[in-house]
Amino acid sequence: MLSLPRATKSLALEATAAGSGQTHEGQKRIRKGHVAEKLEAVTEEDGERLFQVRWRGLDEVELVQSRSVRQHVSKLVIDFYESRIICNNAVEKSVQ
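Residues numbered from 1 in each chain as written. Predicted model: local features only at pLDDT ≥ 70, side-chain atom pairs only at ≥ 80, totals over all residues. Heavy atoms only, no water.

Caption draft 1: Quick look at the sheet that holds strand 3 (residues 48–55). On the basis of which strands lie adjacent, the open sheet formed by three strands has the order 2-3-4 and antiparallel pairing. Taken across any chain shown, the strands that pair with only one partner, and hence form the sheet edges, are strand 2 (36–45) and strand 4 (61–65). Along the sheet, successive strands turn relative to each other by an average axial angle of 30 degrees, direction set aside. Bridge count between strand 2 and strand 3: eight bridges; the pairing is antiparallel. Of the residues in strand 3, the one forming a bridge with T43 is L50. Against the sheet, helix 4 (residues 74–82) touches strand 2 and strand 3, its axis set at about 70 degrees to strand 2. (Pairing = 2+ DSSP bridges. Helix = DSSP H or I, 4+ residues; strand = E, 2+ residues; numbered from the N terminus. Axes fitted to C-alpha atoms, helices over the stretch in contact; angles between N-to-C directions. Contact = heavy atoms within 4.5 Å.)

Shown next, in the form of structure tokens:
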């Protein structure tokens, strides 16, 4: 069985503080082909999932709508979630 840990409240708050009001700018960057280097965090604002995106060559991170991130940099989305998967099989085997 696989499960994903819940994002900590502090991570979500960091993502919101870092990208507050910047979602529109992040949308423009991703559409113009700026290279997303890494997804730092995921949060939800007003029922909408947002990724905190670190851009290559820029020192800033911005919140970008999940659907745009999935469409343009799906490999980073997969890497982001794979790095957070907790595999319960390893725990079960060590108990036996």
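Caption draft 2: Representation of unusual backbone geometry within the structure. We note that D46 has phi near 55 degrees; this positive angle belongs to a residue other than glycine. Along the chain, D46 turns up in the loop between strand 2 and strand 3. Residue classification places D46 among the exposed residues on the basis of a relative accessible area of 82%. (Buried < 20%, exposed > 50% of the residue type's maximum accessible area, 1.4 Å probe, protein only.)

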